[in-house]
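Each chain is listed here by its residues.
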Amino acid sequence: MKKLALMVMAAVMTLTATNAQTLTKQQEKAVKKEVNAKLKDYKKRGYEIFGSSRTLEVALTKHYTALYAGGDDVVEVVGFSTAKSANLAAASAQNSAANRYATTASQQVKGRVLSDMASDVANQETEFDKFYATFEGKVQQEIRGALKPSFSVKKNDPDGRISVEAYYLVYDKAATSARLKALEAAVKESEAAQKYAQRISDFVNERVVPNE
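Reading the values: the criteria
- Residues numbered from 1 in each chain as written.
- Predicted model: local features only at pLDDT ≥ 70, side-chain atom pairs only at ≥ 80, totals over all residues.
- Heavy atoms only, no water.
- Helix = DSSP H or I, 4+ residues; strand = E, 2+ residues; numbered from the N terminus.
- Buried < 20%, exposed > 50% of the residue type's maximum accessible area, 1.4 Å probe, protein only.
- Areas by Shrake-Rupley, 256 points an atom, 1.4 Å probe, with all protein chains shown as cover.
- pLDDT = per-residue confidence, 0-100.
- Contact = heavy atoms within 4.5 Å.
- Core = buried A, V, L, I, M, F, W, Y, C linked by side-chain atoms within 4.5 Å.
- Expected span 1.5 Å × (residues − 1).
- Arc of directions from axis to C-beta.
- Salt bridge = Lys/Arg side-chain N within 4 Å of Asp/Glu carboxyl O.
- Phe/Tyr/Trp six-rings, centres within 6.5 Å; stacked < 30°, edge-to-face > 60°.

### Points about the overall build of the chain
- Along its length, the chain carries nine helices and four strands.
- Ordered by position in the sequence, the α and β elements of the chain form the string α-α-β-α-β-α-α-α-β-β-α-α-α.
- Evaluated residue by residue, the chain yields a buried proportion of 42% over its 212 residues.
- As displayed, the chain has an accessible area near 11,500 Å², and 50% of this comes from carbon and sulfur atoms.

Below, the structure written as structure tokens:
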């Protein structure tokens, strides 16, 4: 547990995100292709930029430039919501993004535990289910601070409600810190997980990509 706590502290202390925006010619072409495809998709579905003075094309270009420049150090997380107002939908979309990330992180850890530690966790299913549930809930709480708003789009639905798609960027160091904090809290809820906390931390350190 002490080693786990030190890992969390180290991740927090190194919580920085790359701001490099230099792309290769090939990446620049890829960004333009992504932007054009998204513009056509949003136009077809009736979406427009929301919460920004920038045009949708500019917002998309900035978003995809950050993704390509960041490489494996940054992932995209999308939240979806529909509400009576755009502001309410946007707030719910953030919850949706956090929940999507947390669910993916929990399922990924569970899959690794079951595949790599099957014999160790045999007959401890209930204890580990408790751990997975707590871990997922804690990740959802912790990852909110790591969700960096990129852009949002909205559309008016036929029923008078408004749908919002909110796009966030999550940088690896911030995401790892959030997951390790969640792990530290979750293992306290399960004696079985405490025994294997150090091994599970290796799984928690693995990159999480919600939209793949």
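Back to the write-up after that little detour.
### Overview of the environment of Y42
- Along the polypeptide, Y42 turns up in helix α2 (residues 25–45).
- For Y42, a relative accessible area of 0% gives the class buried.
- Through-space distance from the C-alpha of Y42 to that of V153 is 8.4 Å; in sequence the pair is 111 residues apart.

### With respect to the confidence of the model for the chain
- When pLDDT is averaged across the chain, the result is 90; 90% of the residues are at 70 or more.
- For residues 12–20, every residue scores under 50 in pLDDT, and the model assigns this stretch ten contacts once sequence neighbours within four places are set aside.

### A short note on the nonpolar core
- Membership of the largest hydrophobic core comes to 47 residues, with the highest contact counts inside it found for V113, F128, F131, F135, I143 and I200.
- Those elements that provide at least two residues to this core are β2 (74–83), α4 (86–116), α6 (125–143), β4 (162–171), α7 (172–187), α8 (191–195) and α9 (197–204).
- If you tally residues by element for this core, the top one is α4, at eleven residues.
- Apart from residues no more than four positions distant in its own chain, I143 is found in contact with A98, Y101, V170, A175 and A178.
- In this structure, V31, A59, V74 and F151 belong to the second largest nonpolar core, which totals 18 residues.

### A word on α2
- For α2, built from 21 residues, the straight-helix expectation of 30 Å at 1.5 Å per residue is met to within 8% by its first-to-last C-alpha distance of 30 Å.
- Of the positions making up α2, those classed as buried are V31, V35, K38 and Y42. End-on view of α2: buried residues confined to an arc of 70°, all on one side of the axis. Facing away from the buried surface of α2 by more than 90 degrees, the exposed residues are K25, Q26, K29, K32, K33, K40, K43 and K44.
- Contact partners of the buried residues in α2: α3 (56–70), β3 (148–156) and β4.
- Two residues or fewer past α2, G46 is found with a positive phi of approximately 80°.

### With respect to the pattern of salt bridges
- By the definition in use, this model includes seven salt bridges.
- The salt bridge partner of D116 is R112, with a shortest N-O separation of 2.4 Å. Taken as a pair, D116 and R112 lie in helix α4 at a separation of four residues, close to a single helical turn.
- The closest approach of N and O atoms between E127 and K130, which form a salt bridge, is 3.3 Å. Pair noted here: E127 and K130 are both in helix α6, with a separation of three residues, about one helical turn.
- The class of E127 is partly exposed, set by a relative accessible area of 25%.
- According to the relative accessible area criterion, K130 is partly exposed, its value standing at 38%.
- Members of the salt-bridge network, linked through shared partners, are D41, R45 and E165.

### A closer look at the packing of aromatic side chains
- One pass over the structure, following the stated rule, counts seven aromatic pairs.
- With centroids separated by 5.9 Å and ring planes inclined at 20°, the aromatic side chains of F131 and F135 adopt a geometry described as stacked. On the criterion of helical spacing, the pair formed by F131 and F135 is a turn pair, its members being four residues apart in helix α6.
- Grouped by ring-pair contacts, the aromatic residues F128, F131, Y132, F135 and Y196 constitute a single cluster.

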